[in-house]
Amino acid sequence: MTNSTPPNRHLLLLNGANLNLLGKREPHLYGTTTLADIEARLQNTAAKHGIRLTCVQSNHEGVLVDTLGELGLLADENARFDGVIINPAAFTHTSVALRDALMAAGKPFIEVHLSNVHAREPFRSHSYFSDKAVGVICGLGDLGYDMALSWFLRHVYDEV
């Protein structure tokens, strides 16, 4: 981070249904790392680069939709965000509302999935987000979150 770093660097980390159970639920698919572990690791990396990272997990899609609106279109300039890392979880296959909220926010987002959704049940291959995301990371476990943050560091904040 340089002295010319803008003071309002802000990213959202949104996690959908059941991701609060990471580390306990189906560890053979999702690993043993908890969501709190992932958030703490990303918060640490973000802080080193002068980025505020707001983390929201909800089992209710409306909470995620409201977060995008409140911190995007409705927020004052100091609360607005530059982009989104999102693991929509089951909402990937069902939520037009969350897709619409991401489109309304007009910010780049990266879709992250812990498991390889294409190697699972056929319905998991369809995403309401992938065609609008700047990137999709799946099957690399919790490392996918770090990769998404690295993309924002390089492509939004011009850091190497």
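Where an unreviewed UniProt entry is consulted, the chain appears under the name 3-dehydroquinate dehydratase, with the organism given as Moraxella caviae. Its UniProt record gives the chain a comment under Sequence similarities (unreviewed entry), which states: "Belongs to the type-II 3-dehydroquinase family." You can read under Catalytic activity (unreviewed entry) in the UniProt record for the chain the words "3-dehydroquinate = 3-dehydroshikimate + H2O".

Peer 1: Give a detailed account of the packing of aromatic side chains, specifying residues and quantitative values.
Peer 2: Inspection of the entire model under this criterion finds 1 aromatic pair. Ring centres of Trp151 and Phe152 lie 5.0 Å apart, and the angle between their planes is 90°; on these two criteria the pair is classed as edge-to-face.

Peer 1: Account for the side chain of Ser58, naming residues and giving values.
Peer 2: Here Ser58 shows up in the loop between strand S2 (52-57) and helix H3 (61-71). Here Ser58 falls in the buried class, since its relative accessible area comes to 5%. Engagement of the side chain of Ser58 in a polar contact is seen with the backbone nitrogen of His60, the distance being 2.9 Å. Each residue touching Ser58, except ones within four places of it in the same chain, is listed here: Asn15, Gly16, Ala17, Val63, Leu64 and Phe91.

Basis of the calculations
- Residues numbered from 1 in each chain as written.
- Predicted model: local features only at pLDDT ≥ 70, side-chain atom pairs only at ≥ 80, totals over all residues.
- Heavy atoms only, no water.
- UniProt positions renumbered as here; feature names shortened; annotations may be inferred.
- Phe/Tyr/Trp six-rings, centres within 6.5 Å; stacked < 30°, edge-to-face > 60°.
- Helix = DSSP H or I, 4+ residues; strand = E, 2+ residues; numbered from the N terminus.
- Buried < 20%, exposed > 50% of the residue type's maximum accessible area, 1.4 Å probe, protein only.
- Polar contact = N/O pair within 3.5 Å; in protein donor to acceptor, adjacent residues only side chain to side chain.
- Contact = heavy atoms within 4.5 Å.

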